[in-house]
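Close look at the chain arrangement
Spelled out from the first residue to the last, the chains are:
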Amino acid sequence: MLQLQLQSWYAYAGLTALILAYIVGNGVYGQQLSLPLKKQCAAACTYVQGKMRLVAVRVLRQGPIPQHVGFIMDGNRRFAKKSHMETPSRGHLAGFTKLTKVLEWCNDLGIKHVSVFAFAINNFNRSTEEVGALMGIARDKLRDLAENSELVNKYGVRIRVVGLRDLLPADVRESIEYAEGRTRGNLGMTLNVCCPYSATDEISTAIQRLVEDVENGLLSAADINETALEKRLQIPGPDLDILVRTSGQIRFSNFMLWQSAKMAYIQFVDAYWPEFSFYHMARILVSWQLASRDIERRKLAGAVHDSLASSEQLRNSESSSDTCCGDRT
Ligand SMILES: CC(C)=CCC/C(C)=C/CC/C(C)=C/COP(=O)(O)OP(=O)(O)O
């Protein structure tokens, strides 16, 4: 056992030396390194990073793990420009690739619900080419994800798409139905893809549903409360524990406002979405873990406050029904 550990430490030490040699060598003699050697060094770097990530995941899993994390994947076009890509849509493609990585990390960390802002309702105002490219990505990649990815086949990720689906072209809707259908029974992580979505639309649609249910006699007007509205929202599952927005912009852009209203730990990251790294993710998780005891205390206080408020409400409604309407039987 000890021998095995020693051997792997030797391997790490060897690889670290190789990487250092690469960094130093590349800086000093960079032009002289042959291409195969450069490739080998780069592969060694990736290998060591992967191993370090596994160790970090193990350490992080010793602490509390958030149930639901939301991502505003911002900065794809600026990334495309900065990287001299041909079109902004290349940035969105890079954004999708990063999304699959992030889902892998979340799965490894044991996060059960992930929600991502893939397309805002007002993104339809962008150029025809860009909207077309984004629709193409949604059509092809959602099908691909459901069909061929390790995330779905090995880890049992369930895909759900939320938002105003009727606004999407028929071929995109078909892919969505395929992806949702194929992953419906999966019990691993749930991925909510918000597309085309806005939080204010989600809330006003829920209000509309409440009104319809009251009109159809399925709900009494007296029973309208937070819980009744919540049940009619499109994004299921627990409230957000963490909301991450990349690209350095400090705003919510109408994403999951209801679900982040109570206790979401908001994190703005100064990197474009395709640049978001495991290091960013780990740093966010550690700071949430450090704050989590305080968050739990506040949640508890909030729950006590809510239950006091609702019993007060009940008393008031009982006394007002006593005085104004007589019996409720
Ligand atoms: C199917 C699926 C889940 C696809 C996901 C692809 C993806 C990452 C979409 C995000 C699209 C978007 C509008 C990002 C915001 O960055 P921006 O375009 O506003 O960039 P900017 O802030 O630099 O202008």
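Given the structure is predicted, the values throughout are model-derived calculations rather than measurements.

The rules behind these values
Residues numbered from 1 in each chain as written. Predicted model: local features only at pLDDT ≥ 70, side-chain atom pairs only at ≥ 80, totals over all residues. Heavy atoms only, no water. Helix = DSSP H or I, 4+ residues; strand = E, 2+ residues; numbered from the N terminus. Buried < 20%, exposed > 50% of the residue type's maximum accessible area, 1.4 Å probe, protein only. Contact = heavy atoms within 4.5 Å. Areas by Shrake-Rupley, 256 points an atom, 1.4 Å probe, with all protein chains shown as cover. Domains from an automatic or database assignment. Buried area = accessible area lost by both parts, 1.4 Å probe. Salt bridge = Lys/Arg side-chain N within 4 Å of Asp/Glu carboxyl O. Polar contact = N/O pair within 3.5 Å; in protein donor to acceptor, adjacent residues only side chain to side chain. Nonpolar A, V, L, I, M, F, W, Y, C, P; charged D, E, K, R; others polar. Near = heavy atom within 4 Å. Pairing = 2+ DSSP bridges. Axes fitted to C-alpha atoms, helices over the stretch in contact; angles between N-to-C directions. Core = buried A, V, L, I, M, F, W, Y, C linked by side-chain atoms within 4.5 Å.

**Remarks on the overall build of the protein**
- In terms of regular secondary structure, the protein is built from 11 helices and 6 strands.
- In the protein, buried positions account for 38% of the 329 residues.
- Look at the contacts in the protein between residues 6 or more apart in sequence, and 75% of them connect residues 24 or more apart.
- Total accessible area computed for the protein in this model is approximately 19,000 Å², and 56% of it derives from carbon and sulfur atoms.

**Quick word on the domain arrangement of the protein**
- In terms of domain boundaries, the protein breaks down into domain 1 (1–60) and domain 2 (65–197 + 234–291).
- Residue-level contacts link 4 residues of domain 1 with 10 residues of domain 2.
- Three residues, R53, V57 and L60, lead the burial of domain 1 against domain 2; their summed loss comes to 94% of the area buried on that side.
- On the surface where domain 1 and domain 2 come into contact, there are 1 salt bridge.
- Taking the shortest distance from any N to any O, the salt bridge between R53 and D108 comes out at 3.2 Å.
- Applying the counting criterion to the domain 1 and domain 2 interface returns 2 residue pairs in polar contact (both at pLDDT 80 or more).
- Of the residues that constitute the side of domain 1 that touches domain 2, the class distribution is 3 nonpolar, no polar and 1 charged.

**Quick look at the site of the ligand**
- In the neighbourhood of the ligand, 17 residues make up the surrounding shell, with D74, R77, R78, H92 and R126 lying closest.
- Between G75 and the ligand, the recorded distance is 3.3 Å, taken from a backbone N or O atom to an oxygen atom.
- When the ligand is considered free in solution it has 630 Å² of accessible area, and contact with the protein chains removes 92% of it.
- Of all the secondary structure elements, the ones that give two or more residues to the shell around the ligand are α3 (76–82), α4 (88–109) and α5 (128–148).
- Tallying contributions element by element places α4 first for the shell around the ligand, with 4 residues.
- Its residues assigned to classes, the shell around the ligand shows 8 nonpolar, 5 polar and 4 charged.

**Notes on the sheet that holds strand β1 (residues 68–72)**
- Taken together, the 6 strands give an open sheet; going across it, the order is β3-β4-β2-β1-β5-β6, and neighbouring strands pair in parallel fashion. Looking at which strands have only one partner, the edges of the open sheet turn out to be β3 (158–162) and β6 (265–268). On average, adjacent strands in this sheet sit at an angle of 15° to one another, irrespective of strand direction.
- Along the sheet, α4 makes contact with β1, β2 (113–117) and β4 (190–194), crossing β2 at roughly 160°.
- Those strands touched by α5 are β3 and β4, and its axis lies near 160° from that of β3.

**Let's talk about the nonpolar core**
- Ranked by internal contacts, the top residues of the largest apolar core, which has 50 residues, are F71, V114 and F276.
- Top element by residues in this core is α5. It accounts for 8 residues.
- Beyond its immediate sequence surroundings of up to four residues, F71 is in contact with V102, C106, V114, S115, V116, F117, V244, F255, W273, F276 and M281.
- By size, the runner-up hydrophobic cluster in this structure holds 13 residues, among which are A120, V162, A199 and I235.

**Structural notes on unusual backbone geometry**
- Backbone torsion omega between C195 and P196 reads -15°, so that peptide bond is classified as cis.
- Considering the arrangement of structural elements, one finds P196 in the loop between β4 and α8 (199–215).

**Here we look at the pattern of salt bridges**
- Per the counting criterion, the structure on display carries 17 salt bridges.
- Of the charged contacts in the structure, one is a salt bridge between R297 and D294, with a shortest N-O distance of 2.3 Å. Of this pair, R297 and D294 both sit in helix α11 (residues 278–325), 3 residues apart, which is roughly one turn of the helix.

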